[in-house]
Amino acid sequence: MSEKNMKENLQAFAVKKVLHYMDEDPDKSLPKLLDWADKFDKENLFVSQRKVFHDIIEHPDNNWYRLIKSLWSDIDPGVRRTFFENFIVHTSLIGSVRQEKAMEEHGCNIPWAVLMDPTSACNLHCTGCWAAEYGNKLNMSYETLDSIIQQGTEIGTFMYIFSGGEPLVRKDDIIRLCEAHPDCMFLAFTNGTLIDEKFADEMLRVKNFIPAISVEGFEEATDSRRGKGTYQAVMKAMDILREKKLAFGASCCYTSQNVESLSSEEYIDHLVAKGAKFAWFFHYMPVGNDAVPELLPSPEQRETMVHRIREYRNTKPIFTIDFQNDGEFVQGCIAGGRRYLHINANGDIEPCAFIHYSDSSVYDKTLLEALKSPLFMAYHHGQPFNGNMLRPCPMLENPECLRSMVQDSGAHSTDMQSPEDVENLYQKCKPYAENWVATADKLWACSHNCAGCQSHQTND
């Protein structure tokens, strides 16, 4: 056994012992776990994260402490241990060291996570989505998916996220991948309607799979887009997962039509009551020739999301993430392999789930070769695309950047039904980008230079 493998095995053994100890009395053990983490993080890769957790533990009445404690009361012990082992040891500690080494050796981005589509087929017929009619023609084989994961773990990527289409159309293969890679964490963005008792039992067995269930808001909004009865099917899936003590979260796309509902305290409380441990909020993206720019939130609506989501982080026992507005916490755009990349069901390796352009395929290049391709290296050299982290995206807020990268790299549109010229996408995003500048700059200056503004934001 190599010295590297011996060190990694010792790390895994140490965490397992700590987690076993924590099961007995988390109130006493959580501070000790942090003391252990402080000593263990000799290279100081997680200084800021450790500080956050120290602040949480020192104030046990706050919402974050309640969320952490709920992992002991609400989640199956085996699932909880597997999550912590995989997330702390493999995804974070072992993975980060391998990623840093690979970045230094190869001079390119190395992803923390890989998002991939097993299929573009879907069991629903949602408004504005072509997957149900066209997507059943596109699938990656189990062997291809397995190879991507094997390549990823070699360079330090232990987090894999499934999207689609509806990824649970391939639920048997997903469970098989979970079994084949017990040291990895798997998550899926799913409409939730295919989650039943049998599949929940499989999740309970493999222990390393977590669904993020897509919801548009309450029943009327969800059913109007996804079809009558969808909302109740989703609620039933959440009930099954909660009853079996399985971890899950929500995935919410906000548009000009549903910002108020999705950002309301009533909605957040509803997700907490159903048992969701996290909620991932996505800004509507005008991708594709049939996109509807009118669904883009106004600057005022987006500002509402900024204030409300950050307020809930201080008041609600649920981990909220805003993909578009949380750039400052990850230093801007995370795409292009900097933190993640996307592989569609046709095998095209894309910088982002919302960037449907590629110069690489899993059938022509290895994962590492794709990360060194002209398009991905353009991301590597260009990040961050803006000093204001509320304007992080090279498409939505800096569309001239994406246009330049696509044109200079020779990347092609990956839309199989209606390829979109990058100039067309640029023209759709440019007005939005220009309209957002004043509000984004005001918020950025306020949050970083003015304590009074900070107070105003939390009470807005």
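The preceding data block contains the structure.
Described below are features of the structure shown in this document. (Residues numbered from 1 in each chain as written. Predicted model: local features only at pLDDT ≥ 70, side-chain atom pairs only at ≥ 80, totals over all residues. Heavy atoms only, no water.)

Let's shift gears to the overall build of the protein. A count of helical and extended segments in the protein gives 19 helices and 11 strands. By residue count, 56% of the 460 residues in the protein fall in the buried class. Taking as baseline every contact in the protein between residues at least 6 positions apart, the subset at least 24 positions apart corresponds to 71%. For the protein, the exposed area adds up to about 20,100 Å²; of that, 53% sits on carbon and sulfur atoms. (Helix = DSSP H or I, 4+ residues; strand = E, 2+ residues; numbered from the N terminus. Buried < 20%, exposed > 50% of the residue type's maximum accessible area, 1.4 Å probe, protein only. Contact = heavy atoms within 4.5 Å. Areas by Shrake-Rupley, 256 points an atom, 1.4 Å probe, with all protein chains shown as cover.)

This part is about a negative patch on the surface. On the surface, Glu43, Glu100, Glu104 and Glu105 cluster together into a negatively charged patch. Examined against the element boundaries, Glu104 turns out to sit in helix α5 (residues 77–106). For Glu104, a relative accessible area of 72% puts it in the exposed group. (Patch = residues over 30% accessible without salt bridge, like charges linked within 9 Å, V, L, I, M, F, W, Y side chains within 5 Å. Salt bridge = Lys/Arg side-chain N within 4 Å of Asp/Glu carboxyl O. Lys, Arg positive; Asp, Glu negative; His and termini not counted. Charge placed at Lys NZ, Arg CZ, Asp CG, Glu CD.)

Taken as a whole and judged by the stated rule, the model has 18 salt bridges. The residue Glu260 makes a salt bridge to Arg308 at a minimum N-O spacing of 3.2 Å. On the criterion of sequence distance, the pair formed by Glu260 in helix α12 (residues 259–262) and Arg308 in helix α14 (residues 299–312) is long-range, its members being 48 residues apart. Given the relative accessible area of 49%, Glu260 is considered partly exposed. Members of the salt-bridge network, linked through shared partners, are Glu179, Glu202 and Arg205.

A separate point is unusual backbone geometry. Going from Gly164 to Gly165, the amide bond is cis rather than trans, its omega being 20°. Within the secondary structure, Gly165 is located in the loop between β2 (159–162) and α8 (171–180). Residue Gln383 is joined to Pro384 through a cis peptide bond whose omega torsion reads -5°. Within the secondary structure layout, Pro384 lies in the loop between α16 (374–382) and α17 (399–409). For Gln331, which is not glycine, the phi dihedral falls at a positive 60°. Here Gln331 is to be found in the loop between β7 (319–322) and β8 (340–343).

Relative orientation of the contacting elements α8 and helix α9 (residues 197–206) amounts to 10°, with a least axis distance of 10 Å. Considering the angle they form, α8 stands roughly parallel to α9. Residues Lys171, Ile175, Cys178 and Glu179 of α8 pack against Phe199, Glu202, Met203, Arg205 and Val206 of α9. Split by residue class, the contact of α8 with α9 holds 5 nonpolar, no polar and 4 charged. (Axes fitted to C-alpha atoms, helices over the stretch in contact; angles between N-to-C directions. Parallel < 35°, antiparallel > 145°, perpendicular 65-115°, else oblique. Nonpolar A, V, L, I, M, F, W, Y, C, P; charged D, E, K, R; others polar.)

The subject of this paragraph is the packing of aromatic side chains. All chains considered together, the criterion is met by 17 aromatic pairs. Consider the rings of Trp280 and Phe282, whose centres lie 5.7 Å apart with planes at 15°: the pair is stacked. With respect to burial, Trp280 and Phe282 carry one shared label: buried. Both rings, one in Phe282 and one in Phe323, keep their centres 5.4 Å apart while their planes meet at 40°; by these two values the pair is tilted. Highlighted residues: Phe282 in strand β6 (residues 278–283) and Phe323 in the loop between β7 and β8, separated in sequence by 41 residues. Under the relative-accessibility criterion, Phe282 is labelled buried at 13%. Owing to a relative accessible area of 22%, Phe323 belongs among the partly exposed residues under this scheme. Feature note: the residues Phe189, Trp280, Phe282, Phe323, Tyr340 and Phe354 constitute an aromatic cluster, connected by ring pairs. The cationic tip of Arg176 hangs over the ring face of Tyr142; the distance from NZ or CZ to the ring centre is 3.6 Å. The ring centre of Tyr426 lies 3.8 Å from the NZ or CZ of Arg403, which sits over that ring. (Phe/Tyr/Trp six-rings, centres within 6.5 Å; stacked < 30°, edge-to-face > 60°. Lys NZ or Arg CZ within 6 Å of the ring centre and 35° of its normal.)

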